[in-house]
Amino acid sequence: MKLDINKVINDMLAGIKGTVADSWDEVKAATEQFMQRRKERLLLIAELRITGELTEEKFKSRLNDEKLLLEAELNALAVITKAIAQRAANTAIDILEQAVKTAISIG
Amino acid sequence: MKNLITKTRSSRQLLALLLVATLAMYGCRVTFVPEYDSALAADIEETARQVDRFYLMMLETTSAEDNGRAFEVFAPEYVDIEVMLNSLLNQNKIKPLNQNSTRIAEITLELWQKYKEEHRTDNTLSDGLIKLNRKTFSDLFYAMQVAEKGKELATNPPK
């Protein structure tokens, strides 16, 4: 049985790196959308305060709601990053498993 | 000596076999998020559409004058949509490893109930507040959809 552990580790790292790189655009796109949407909401909240449609009390209440919206957005990003981590971890496990199987068959 | 080499080789093979068997036994897989659920994604889309329609209809077909936006006019639709939001929350809650999506659904329901109570208390809603509420929920449903769609990344690389 011959198992080149350094090669296996390097292959596993390459697998993880490739998986994360492939999915990075998804995280970036979602983050940019969240930022843009936040900007539009804050602009509208400010406008409504200026025109008096939002009282001071409701203005503060809406700003507090923004914290909940941020929490929702962070939770959405957490799902994406967990999903990417899952695929990366499983890619690494597949590489290890395949290397061990190959070593057994050669041995 | 030959016997010793054979023995060592066999024990290594045995170790490797045990490693593979252990990996196989535990499914060789880690799971951090539940599987993407296309039925739930469709429900999110449908609820988002209903909420959008609710606020657009209010904005386009009613006016704050002459009590045209009194709470009771919209109470049945508030109930219908709250039922849909409760359903989304429950569908998320029952899935293991789904605390992030569950929290988004909780926040959406919490704000829906809050804005409903504001409407009930004020017994009217200005055009500006309708636009703000519509936008807020559109953004929350977007976060919900991002989370659900994001689960696909666990098994499928992005195209």
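Residues numbered from 1 in each chain as written. Chains lettered and ligands numbered in written order. Predicted model: local features only at pLDDT ≥ 70, side-chain atom pairs only at ≥ 80, totals over all residues. Heavy atoms only, no water.

J.: Explain the overall build of chain A residue by residue, including any values.
T.: Each helix and strand in chain A was counted, giving two helices and zero strands. A globule of 107 residues ought to have a C-alpha radius of gyration of about 13 Å, yet chain A, at 24 Å, is considerably larger. Considered along the principal axes of its C-alpha atoms, chain A spans approximately 80 × 20 × 15 Å. Within chain A, the proportion of its 107 residues that are buried is 37%. Contacts spanning at least 24 positions in sequence make up 80% of the contacts within chain A whose residues lie at least 6 apart. Carbon and sulfur atoms form 62% of the exposed surface of chain A, whose accessible area is close to 6,000 Å². Of note, chain A has its 16 positive side-chain charges centred 2 Å away from the centre of its 17 negative side-chain charges. (Helix = DSSP H or I, 4+ residues; strand = E, 2+ residues; numbered from the N terminus. Rg over C-alpha atoms; globule rule 2.2 N^0.38 Å. Buried < 20%, exposed > 50% of the residue type's maximum accessible area, 1.4 Å probe, protein only. Contact = heavy atoms within 4.5 Å. Areas by Shrake-Rupley, 256 points an atom, 1.4 Å probe, with all protein chains shown as cover. Lys, Arg positive; Asp, Glu negative; His and termini not counted. Charge placed at Lys NZ, Arg CZ, Asp CG, Glu CD.)

J.: Could you give an account of the interface of chain B and chain A, naming the residues involved and the relevant values?
T.: In this complex, chain B contributes 50 residues to the contact, which on the side of chain A involves 43 residues. Counting the surface lost from both chain B and chain A, the interface buries some 4,400 Å², and carbon and sulfur atoms represent 64% of this. Across the contact surface, chain B and chain A share eight salt bridges. R62 of chain A serves as the salt-bridge partner of E118 of chain B, at 3.4 Å between the closest nitrogen and oxygen. Taken together, the links from chain B to chain A amount to 20 residue pairs in polar contact (both at pLDDT 80 or more). A total of 16 residues in the side of chain B that touches chain A trace back to one element, the largest contributor, which is helix 5 (residues 127-150) of chain B. A per-class count over the side of chain B that touches chain A returns 24 nonpolar, 13 polar and 13 charged. (Buried area = accessible area lost by both parts, 1.4 Å probe. Salt bridge = Lys/Arg side-chain N within 4 Å of Asp/Glu carboxyl O. Polar contact = N/O pair within 3.5 Å; in protein donor to acceptor, adjacent residues only side chain to side chain. Nonpolar A, V, L, I, M, F, W, Y, C, P; charged D, E, K, R; others polar.)

J.: How would you summarise the packing of helix 1 (residues 5-51) of chain A against helix 2 (residues 56-106) of chain A if you had to cite specific residues and measurements?
T.: Closest axis-to-axis distance for the helix 1 of chain A/helix 2 of chain A pair is 9 Å, and the angle between their directions is 170°. When the axis of helix 1 of chain A is compared with that of helix 2 of chain A, the two are roughly antiparallel. (Axes fitted to C-alpha atoms, helices over the stretch in contact; angles between N-to-C directions. Parallel < 35°, antiparallel > 145°, perpendicular 65-115°, else oblique.)

J.: Give a detailed account of the confidence of the model for chain B, specifying residues and quantitative values.
T.: Overall, the prediction assigns chain B a mean pLDDT of 90, with 82% of residues at 70 or greater. For this predicted complex, the interface score ipTM comes out at 0.88, alongside a pTM of 0.86. (pLDDT = per-residue confidence, 0-100.)

J.: Go over the nonpolar core, please, and point to the residues and values.
T.: Where a protein is soluble and globular, its nonpolar side chains tend to be buried together. Formed by 53 residues in total, the largest nonpolar core has its most connected members in Y55, W112, F137 and F141 of chain B. For this core, the secondary-structure elements that each account for two or more residues are helix 1 and helix 2 of chain A together with helix 2 (38-61), helix 3 (71-93), helix 4 (99-122) and helix 5 of chain B. At eleven residues, helix 5 of chain B tops the list of elements feeding residues into this core. Ignoring any residue separated from it by four or fewer positions in sequence, one finds W112 of chain B in contact with V51, F54, Y55, Y78, I81, E82, L85 and F137 of chain B. (Core = buried A, V, L, I, M, F, W, Y, C linked by side-chain atoms within 4.5 Å.)

J.: Can you lay out the packing of aromatic side chains for me, pointing to particular residues and giving the numbers?
T.: Residues and elements named next belong to chain B. With the rule as written, the count across this model stands at eleven aromatic pairs over all chains. Here F54 and Y78 contribute two aromatic rings whose centre-to-centre distance is 4.9 Å and whose plane-to-plane angle is 70°, an arrangement assigned as edge-to-face. In this pair, F54 sits in helix 2 while Y78 sits in helix 3, placing the two residues 24 residues apart along the sequence. Here the two residues F54 and Y78 agree in accessibility, since each one is buried. Judged by centre distance (5.3 Å) and plane angle (65°), the ring pair of W112 and F137 falls under edge-to-face. (Phe/Tyr/Trp six-rings, centres within 6.5 Å; stacked < 30°, edge-to-face > 60°.)

J.: If you had to explain the side chain of T47 of chain B to someone new, which residues and values would you point to?
T.: Residue and element names in this part refer to chain B. Tracing the backbone through its elements, the reader meets T47 in helix 2. We classify T47 as buried; its relative accessible area is 2%. Those residues in contact with T47 that sit more than four places away from it in its chain are M84, L85, L88 and F141.

J.: How would you sum up a nonpolar patch on the surface? Please name residues and give values.
T.: Residue and element names in this part refer to chain A. Among the surface-exposed residues, L3, I5, I9, L13, I16 and V20 lie close enough to one another that they form a single nonpolar patch of about 470 Å² accessible area. Along the chain, V20 falls in helix 1. Residue class for V20 comes out partly exposed when judged on its relative accessible area of 39%. (Patch = residues over 30% accessible without salt bridge, like charges linked within 9 Å, V, L, I, M, F, W, Y side chains within 5 Å.)

J.: Lay out the pattern of salt bridges in plain terms, naming residues and giving numbers.
T.: Applying the stated criterion across every chain yields a total of 26 salt bridges over all chains. In this structure, K7 of chain A and D11 of chain A form a salt bridge, with 2.8 Å as the shortest nitrogen-oxygen distance. Placement of the pair is K7 of chain A and D11 of chain A together in helix 1, with a separation of four residues, close to one helical turn. With a closest N to O distance of 2.7 Å, D65 of chain A and K114 of chain B form a salt bridge. Here the residue D65 of chain A occupies a position in helix 2, and K114 of chain B occupies one in helix 4, the pair thus bridging two chains. Given the relative accessible area of 27%, K114 of chain B is considered partly exposed. Look at the salt bridges and you will find they share partners, linking R37, R38, E40, R41, E66 and E73 of chain A together with K135 and D139 of chain B into a network.

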